[in-house]
Amino acid sequence: MRLTTKSALYAGTLLATALVLNPAIAMAQEQNEEREQDDKTPSATPEDAIVVTGFRQAFSESLEAKRNADQVIDVITAEQIGQFPDQNVAEAIQRVPGVTITRNNGEGESVSIRGLAPTFTRVEIDGRTTAITIDSANPERASVLSPLVSDLYNTIEVVKSPTARDIEGGIGGIVRLSTPDPLDIGERRIGLEAGFQISDVREEFEPQFTGFFSDTFADNTIGVLFTATYEEFDRRLDKIQANTGYEVVDEGLLADDTDPALLALVGQRVSGRSRAEQRDGERQRLNLNGKLQVQATDELELYVNGVFTRDDREEDRSRIQIDWDRGDLIGGETGPGDTLARAEFDRHRVDLRTFTRLADIETYGVSGGLVFEPKDWVIELEGNITSSEESFTEFRADARVNRDGPGGYDLTADPRFPVFFLEAASADLADLDVRSLNQQRRIISLEESSLRADFEREFDMDFLSSIEFGVRYADSQFDRRQGQINSSTGGLTWADAPDQSFVLDGTFGEGAGVDLLTLWPSVDPVSFYNQFPSTDTFTFNDENLYFITEETLAAYGMLNYETGGENVNLRGNVGVRWVQTDYSGEGRIDVDTADAEFLIDDAPALEQTYDDFLPSANFALGFGAREDVIIRGAVARALTRPTINEMNPGIDLNFEDLEGERGNPELDPFRAWTYDLGVEYYFGPTNEGLIAVNAFYKDVENFIVPIQLEETYAFPEVGVPSAVYTIDTFTNGGSANISGFEVAFQTPFTFLPEPFDGFGVFANYTYTDSEFTDQFGNTFTFPGASEHSANIVGYFEKGGFSGRLAYNYRDDFLVVVSPDADGQNTQFVENQGRLDLALRYRFENGLRFNVDVLNLTEEQQYRYYDNIQRLEDIEFEGMIFQFSVGYSF
């Protein structure tokens, strides 16, 4: 653990907060003890004595939901969500067995279930499809969850075995986010909370606000609910990268191919580029939720609900990049894994880039429907609209300088903290010619409209409990538009920029880098562009423009059954889902020649249709009057559709190099058979104890892999003759499989004497074994799959006080498969364990204090190529401190 000065400051602040709260806590504890004494009356029953509240109650409710489910599922309740020290929904879900998350800018972002990438996870909010894209080149199915705060949701379910009723799309699993219902709350509730956040790297005090209102009217037949959260964040992040991989040293890279010392380095791998980047900016996040329920009659409920999120991000980035492979290798030192851990070059190219990114991400979802329950029937009709759009604007200024003299990098001490030595580029801004000054815009959007009708007929029979059937239609639109306009940069240097600055030494943490990579000139690209704007009219003229429509029609039927006696009970379901998927879409062809770039609108149209039958069966065999032991199993056919980028009908060609890339509109979806078998043991008088072991296996067909093809194209209408191009595209490959097991344990230590009976533990471990083969025959684990992942949470709860110490671990995982036939330069993320702390105190009058400390050990995210010595990327993150005060009544 690295304890910096700021870390010590936050720790001191935490201690001071505890001291300030201590008198109030002591007073409240005395009040709680008095209430406990009052409860110890002759009228108190044994059942009354074991009623639990707060975090323990949430555990009990979550386990009860898991126990009663007819499929493999894990549940997090609102109390748990509020208690965990997490910044958003993704970070709350990471505590579930089998779930891991990806991070961006130090914050949890996307969810993977059982080793499958986020594109294999379906995310729903109140039953609606949710797919939020942030800082991505394409609209995609994987939903980024960082804009969603956990305060809005009553329960989060992670479904690991589907039923026929569940909407297809998640081979990995389904994440269901549910907002609370005002009629279930049943009374007027108002809550307010205000606080702030600060961290090692993010130096500003960032405000956070939450408001909640729920009430019922007309004898509890009409309910309304509103929730709003607003948060500000300082988007500060520092990075060091070697983002072109490690290339093989050949004689052409040597400064002297007769020098024996240099010839001895041939065949080793050397970093071709080093880059440092500082990011700084602001972010505002707004979440709104509203719901109206009307119990029109005893049999009929009408409802409308909606969620709106807006995530505004403004980020300034200043980058310096050195291309070592533009020079000649004059020395080096071999490290582990045939890697030049130290390399020195003569001449190098230095690129300076500053850019400001402005992004507005808006999402909304609205549902309206009814639930009609005449005798023995449940009829549900619902319509949904969901939309997500990222509007992205970037201003960019580039400069370049080629320098003589030696320079290089040194990773021998620690590749996570590289040292760079070189003659610094001129700090005289007049020597830095502007290579480009431009404005770019990109709009990525996804919209889906759906209608569904579900019917259930209940039976009073010994075996068959009900039948369910229904239909669903959905229309999804994926749209990508991008364009760029360039200013005339002739004669401009960085000295002409109105706002100039330097990135200062020491930016990248203790021991990270020296010389140029922590001290370089920077300009403000927005004011620079506004002073020298383009005379062109902005249009969306990028080659990668497309519009894709996806229509699905699904129908299902399912039998629910239950039978057994006093101590043995069998329940479950068996059914089949049929779904038809239709695609249509248009893209563009971009042809680059030595003299011009041509955009052609007659790319092959996307026209694709396929049908799937998806059978499923789930069972739960319970033993004991309360089903304290449950053997649970499932088998199902599932599918996940290709990403939009993989299906993109556009084509990008380079006539000079005779190379190109395109999507494949004829791709079939991933299809898989999934299997689950597990044992669960529930114990304790308040249903708070669990020991569970569950094994899983997924056999994935039609795994999509990149390939290269030789294809002939001709464009006589623009003067480009027929030629054979080497094309990078995608195809359905062979099968892949993933297997593993999950172990979960949780219990309060109520058997201990006071005050130790307030302690408890929650822990889980997941082992995942995955394998697929790329187009070259190389075998890898699934991208995003960690072999080992685990959580352990120790908690203490007594009276109004709660304390949580939560540790989350995942080991190394593959990020990007190598583009090379030898499998080299495959990118991995190093194992990481994060320790978070949450402290709460709640008074009987509704007042509460919250203190969270995230990333206590100040873990850094480190990416590498092939072996740990080959730096690819490191992000310097710090500890985050949060404090808030709330009141509810």
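Residues numbered from 1 in each chain as written. Predicted model: local features only at pLDDT ≥ 70, side-chain atom pairs only at ≥ 80, totals over all residues. Heavy atoms only, no water.

A.B. asks: So what exactly am I meant to see when it comes to the overall build of the protein chain here?
C.D. replies: Counting its secondary structure elements, the protein chain contains nine helices and 47 strands. The contacts of the protein chain with a sequence gap of at least 6 include a subset with a gap of at least 24, amounting to 74%. Accessible surface, the protein chain: about 35800 Å² in total, of which carbon and sulfur atoms supply 53%. (Helix = DSSP H or I, 4+ residues; strand = E, 2+ residues; numbered from the N terminus. Contact = heavy atoms within 4.5 Å. Areas by Shrake-Rupley, 256 points an atom, 1.4 Å probe, with all protein chains shown as cover.)

A.B. asks: Can you help me understand the sheet that holds strand 1 (residues 73-77) in this one?
C.D. replies: Strand-to-strand pairing in sheets goes through backbone hydrogen bonds, with the strands running parallel or antiparallel. Judged by pairing direction, the sheet is mixed, and its five strands sit side by side in the order 1-6-7-4-5 without closing on themselves. For this open sheet the edge positions go to strand 1 and strand 5 (128-129), each flanked by a neighbour on one side alone. Pairing analysis gives five bridges linking strand 4 (residues 121-125) to strand 7 (residues 173-178), with the strands arranged parallel. Paired with R122 across the strands is I174, a residue of strand 7. (Pairing = 2+ DSSP bridges.)

A.B. asks: Any chance you could explain a nonpolar patch on the surface here in plain terms?
C.D. replies: A cluster of nonpolar residues, L292, V304, Y364, V366 and I385, forms a patch on the protein surface that exposes about 400 Å² of accessible area. Residue placement: V366 occurs in strand 17 (residues 339-372). Overall, V366 belongs to the partly exposed group, its relative accessible area being 39%. (Patch = residues over 30% accessible without salt bridge, like charges linked within 9 Å, V, L, I, M, F, W, Y side chains within 5 Å. Salt bridge = Lys/Arg side-chain N within 4 Å of Asp/Glu carboxyl O. Buried < 20%, exposed > 50% of the residue type's maximum accessible area, 1.4 Å probe, protein only.)

A.B. asks: Please clarify how the packing of aromatic side chains should be interpreted in this entry.
C.D. replies: Aromatic ring pairs are reported here in terms of the distance separating the ring centres and the angle at which the planes meet. Within this structure, the stated rule accounts for 29 aromatic pairs. Consider the rings of F796 and F801, whose centres lie 6.3 Å apart with planes at 50°: the pair is tilted. Judged by relative accessible area, which is 18%, F796 ranks as buried. Taking the relative accessible area as the measure of exposure, F801 reaches 21% and is therefore partly exposed. For the cation-ring pair, R416 lies above Y862, with the distance from its terminal atom to the ring centre recorded as 5.0 Å. In this structure, R481 packs its charged tip against the face of F540, placed 5.5 Å from the ring centre. (Phe/Tyr/Trp six-rings, centres within 6.5 Å; stacked < 30°, edge-to-face > 60°. Lys NZ or Arg CZ within 6 Å of the ring centre and 35° of its normal.)

A.B. asks: What should I look at first to understand the nonpolar core in this one?
C.D. replies: For soluble globular proteins, nonpolar side chains are generally found buried alongside one another. By size, the foremost hydrophobic cluster in this structure holds 67 residues, and its most contacted members are L329, Y409, W494 and F782. Setting aside anything within four residues of it in sequence, one finds F782 in contact with G115, L116, V700, F703, A736, N737, I738, S770, E771, F772 and L814. Judged by nonpolar contacts, the second largest core, of 27 residues, contains V96, I132, L152 and I156. (Core = buried A, V, L, I, M, F, W, Y, C linked by side-chain atoms within 4.5 Å.)

A.B. asks: Just to check I follow, could you spell out a negative patch on the surface for this structure?
C.D. replies: Where like charges cluster on the molecular surface, the negative patch consists of D595, E656, D657, E659, E661 and D728. Its place among the elements puts E656 in the loop between strand 30 (651-654) and strand 31 (659-662). (Lys, Arg positive; Asp, Glu negative; His and termini not counted. Charge placed at Lys NZ, Arg CZ, Asp CG, Glu CD.)

A.B. asks: Is there a simple way to think about the side chain of T552 in this case?
C.D. replies: Checked against the element boundaries, T552 lands in strand 24 (residues 546-564). Exposure remark for T552: the relative accessible area of 7% places this residue in the buried category. Not counting the four nearest positions on each side in its chain, T552 is found in contact with E168, R472, Y473, A474, V579, Q580, T581 and R641.

A.B. asks: Any chance you could explain the pairing of strand 36 (residues 736-748) here in plain terms?
C.D. replies: Looking along a regular strand, one sees the side chains alternate between the two faces of the sheet. Where strand 33 (residues 689-701) meets strand 36, 11 bridges bridge the pair, whose relative direction is antiparallel. Directly across from F696, in strand 36, lies its bridge partner G740. Relative to strand 37 (residues 759-773), strand 36 runs antiparallel, the two sharing 12 bridges. Bridge assignment links F745 to a residue of strand 37, and that residue is A763.

A.B. asks: Can you help me understand unusual backbone geometry in this one?
C.D. replies: With the exception of glycine, the majority of residues adopt a negative phi angle, and the majority of peptide bonds are in the trans configuration. Here the bond from E754 into P755 is cis, since omega is 0°, no more than 30 degrees from zero. Assignment of secondary structure puts P755 in the loop between strand 36 and strand 37. With phi around 55°, D338 is a residue other than glycine that occupies positive phi space. Position of D338 relative to the elements: it lies in the loop between strand 16 (328-335) and strand 17. Look at D338 and you get partly exposed, because its relative accessible area is 49%. Look at D376: it is not a glycine, yet its phi comes out positive at around 70°. When you line up the elements, D376 lands in the loop between strand 17 and strand 18 (377-410).

A.B. asks: I'm lost on the sheet that holds strand 34 (residues 704-715) in this one. Help?
C.D. replies: The six strands lie next to each other as 27-26-30-31-35-34, forming an open sheet whose pairing is mixed. The sheet is open, and its two edges are formed by strand 27 (597-600) and strand 34, each paired on a single side. The sheet shows a mean angle of 20° between the axes of neighbouring strands, taken without regard to direction. For strand 26 (residues 589-592) and strand 30, the ladder comprises four bridges, and the chain directions are parallel. By the bridge assignment, V591 is partnered in strand 30 with L653. (Axes fitted to C-alpha atoms, helices over the stretch in contact; angles between N-to-C directions.)

A.B. asks: Hey, could you run me through the side chain of N694 in this one?
C.D. replies: Topologically, N694 is positioned in strand 33. A distance of 3.0 Å separates a polar atom in the side chain of N694 from a polar atom in the side chain of D676. A polar side-chain atom of N694 sits 3.4 Å from the main-chain amide nitrogen of G678. In contact with N694, other than residues within four places in its own chain, are V72, R114, D676, L677, G678, G740, F741 and E742. (Polar contact = N/O pair within 3.5 Å; in protein donor to acceptor, adjacent residues only side chain to side chain.)

A.B. asks: Which parts of the structure should I look at to understand the pattern of salt bridges?
C.D. replies: Oppositely charged side chains can pair when the atoms bearing their charge come close. Under the criterion given, the structure shown has 62 salt bridges. In this structure, the salt-bridge partner of E168 is R577, at a minimum N-O distance of 2.8 Å. Highlighted residues: E168 in the loop between strand 6 (155-159) and strand 7 and R577 in strand 25 (residues 568-586), separated in sequence by 409 residues. Exposure remark for E168: the relative accessible area of 9% places this residue in the buried category. The partner of R416 in a salt bridge is D414, with the nearest N and O atoms 3.2 Å apart. Note on R416: relative accessible area 25%, which makes it partly exposed.

A.B. asks: Help me understand the environment of T129 in this model?
C.D. replies: Note on placement: T129 falls in strand 5. Accessibility expressed as a relative area gives 12% for T129, which makes it buried. When near neighbours in sequence (up to four residues on either side) are disregarded, T129 contacts R122, V123, T386, E448 and R472. A polar side-chain atom of T129 sits 2.9 Å from a polar atom in the side chain of R122.

A.B. asks: Which parts of the structure should I look at to understand the confidence of the model for the protein chain?
C.D. replies: Atom-level detail of predicted coordinates should not be read off regions where pLDDT is low. Of all residues in the protein chain, 89% have pLDDT values of 70 or greater, and the mean over the chain is 84. No element of the protein chain has a lower mean pLDDT than helix 1 (residues 5-39), at 37, and none a higher one than strand 29 (residues 629-640), at 96. Within the model, the stretch residues 1-51 combines pLDDT values under 50 with 46 contacts to residues more than four positions away or in other chains. Note that residues 509-516 has pLDDT below 50 and, in this model, 23 contacts with residues that lie over four places away or in other chains. (pLDDT = per-residue confidence, 0-100.)

A.B. asks: I would appreciate a short explanation of the environment of L451 in the present structure.
C.D. replies: Among the structural elements, L451 can be located in strand 20 (residues 434-458). Separated by 84 residues in the primary sequence, L451 and S367 place their C-alpha atoms 9.8 Å from one another. Here L451 is in contact with E382, G383, V471, R472 and Y473, once residues within four sequence places are set aside.

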